[in-house]
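Breakdown of the fold
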Amino acid sequence: MLLAAVMTFSLSGCDKEEENNIGVKGNPESNTTDVAVTGKVSEVGAMYAKLGGVVNLDIISVSYTNVEVGIEVSTNEDFSSSRKFRSESVVGRSFSAKAAVLQPDTKHYYRTYVSVSTLSFDYLGETGTFTTASARRDLAVTGEVDSIGAFHAWISGSANLEDVREAGGLATVGVEWSPNADMSDSYTTNFGSSLNSLGNFSLKISSLTPQTNYYYRTKVSLSILEEPIVGSTKVVRTAEIDWTSSLCHTWTIKSWRITEIINSKKIGTAWFYATDGTGHLQKIIDYVNMNHNAGLNADLGERTIVDSLTFTADGTFLIYYKDTDLRDIGTWEWGEQGANSRSRQLSYTWHEEGMGNDLLGGVATVSFFEDRTRLDLQSKGNITTELELQTSN
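So, here is what we can say about the structure in this document. In this text, all values refer to a predicted model and were calculated from it rather than measured experimentally.

Brief notes about the environment of Phe 272
You can see Phe 272 is positioned in strand S20 (residues 272-273). Residue Phe 272 is classed as partly exposed on the basis of its relative accessible area, which comes to 38%. Separated by 18 residues in sequence, Phe 272 and Lys 254 have C-alpha atoms that sit 8.7 Å apart. Residue contacts for Phe 272: discarding those within four places in its chain leaves Lys 254, Ser 255 and Trp 256.

Shown next as structure tokens:
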């Protein structure tokens, strides 16, 4: 199917370029003996060419409704891995077609083809050549890191789409990134908005690991080309977690589960997801008492549902409960950081003993992610509570 041009580019080159882009010698219009006659090159850009041809269908006595007429193009003289560009109309015996999304600064071979629906072969014209112009700019340019955190990086770049749009092609632009210098096991984050012709962009790469080197490059994928076009590869290192700043938020509950260790084996529930951000303590206690004989006091009074949990920089934490003004206050302090760059232990203590404290007291392992944190709470005995929290704002 013929791709429509968005812009027009007139080739102004030296005599050698003009000679290379004539296509075929002689006057194609004077040829009345061949079914498919290859025509001239009328215009060449960096990624497109406008080509002409002639057909003599009266030789084979078929109508236009039974044939497909166009131009076959390849970078190989034997037309291996070729592409066909169909003409949308034939005027008299002449037609034109636009070959789009070609490789810049490359010699191409082309010829007219006539495909008849009732035949198993194509009529082919003689081979002509043309050379596409050089690209105005590098298509994919890797930019710099605008900002860097422990779990994300804002990366800029540009995809110079003038030649692509002039050819009528479609492009997907993004950043390819990997923890490996050879770009193996890579991921691609695509830019989701429209780009102008110069294609300057900045996008956020998420779900990174703290204190880790990441290699990145601009990546432009064209709908017709099999291989993407990539920019130079650069490297960035994510930051260390600011532990206190990351912890000190008001959190709501995303999900939770209870696990009991019996004879060195974990026995427990699957994750329960809290659709409203609350944690139903009564259900937790009922579950561990019924299924694990935990022996927890099930009388919570008004402290039945946890509404939110707030950590403060002065070493306190507050638990707020739903449908009541009651709250619990405790203290916390950091423990040692383990080998995992995103996890650290903290210990916490209740100021007042109350119902449910046995379930929550003890030491926690805090694991931070991009938009959430996870608390693994080791309580007294063999019961472990795991909470996934998300910020309330």
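Okay, back to it.
Re the side chain of Glu 43
You can see Glu 43 is positioned in strand S1 (residues 36-44). Lys 50 provides the closest opposite charge to the buried, salt-bridge-free Glu 43, at an N-O distance of 4.1 Å.

Let's talk about unusual backbone geometry
The phi dihedral of Ser 81 falls on the positive side, at around 55°, and the residue is not glycine. The phi torsion at Ser 207 lies on the positive side, around 60°, for a residue other than glycine. Its place among the elements puts Ser 207 in the loop between strand S14 (200-205) and strand S15 (213-222). We classify Ser 207 as exposed; its relative accessible area is 59%.

A short note on the packing of aromatic side chains
One pass over the structure, following the stated rule, counts eleven aromatic pairs. Ring centres 5.8 Å apart and planes at 45° place the aromatic pair Phe 191 and Phe 201 in the tilted group. Of this pair, Phe 191 sits in the loop between strand S13 (187-190) and S14 while Phe 201 sits in strand S14; the two residues are ten residues apart in sequence, bridging distant segments of the chain. Judged by relative accessible area, Phe 191 falls into the partly exposed class, the value being 24%.

Quick notes on the sheet that holds strand S2 (residues 48-55)
Spatially, four strands are ordered S1-S2-S6-S5 in an open sheet, and the strand pairing comes out antiparallel. Each edge of the open sheet carries a strand with a single partner, namely S1 and strand S5 (90-91). Alignment of S1 against S2, held across six bridges, turns out to be antiparallel. Paired with Val 37 across the strands is Val 54, a residue of S2.

Some points on the sheet that holds strand S10 (residues 140-148)
One open sheet accounts for three strands, arranged S10-S11-S14; its pairing is antiparallel. The open sheet has two edge strands, S10 and S14, and neither has a second partner. This sheet shows a mean twist of 25° between the axes of neighbouring strands, independent of strand direction. Two strands pair when backbone bridges link them, and S10 and strand S11 (residues 153-159) are joined in this way by six bridges, in the antiparallel orientation. Bridge pairing in S11 places Thr 142 opposite Gly 157.

Quick look at the pattern of salt bridges
Counting across every chain of the model gives eight salt bridges. In this structure, Asp 122 engages Lys 84 in a salt bridge whose closest nitrogen and oxygen atoms are separated by 2.5 Å. Placement of Asp 122 in strand S8 (residues 122-124) and of Lys 84 in strand S4 (residues 83-86) is noted, with a sequence separation of 38 residues between them. Its relative accessible area of 26% is what places Asp 122 among the partly exposed residues. Residues Asp 376 and Arg 374 are paired through a salt bridge, measuring 3.2 Å at the closest nitrogen-oxygen approach. Owing to a relative accessible area of 23%, Asp 376 belongs among the partly exposed residues under this scheme. Under the relative-accessibility criterion, Arg 374 is labelled partly exposed at 21%.

Cut-offs and rules
Residues numbered from 1 in each chain as written. Predicted model: local features only at pLDDT ≥ 70, side-chain atom pairs only at ≥ 80, totals over all residues. Heavy atoms only, no water. Helix = DSSP H or I, 4+ residues; strand = E, 2+ residues; numbered from the N terminus. Buried < 20%, exposed > 50% of the residue type's maximum accessible area, 1.4 Å probe, protein only. Contact = heavy atoms within 4.5 Å. Lys, Arg positive; Asp, Glu negative; His and termini not counted. Salt bridge = Lys/Arg side-chain N within 4 Å of Asp/Glu carboxyl O. Phe/Tyr/Trp six-rings, centres within 6.5 Å; stacked < 30°, edge-to-face > 60°. Pairing = 2+ DSSP bridges. Axes fitted to C-alpha atoms, helices over the stretch in contact; angles between N-to-C directions.

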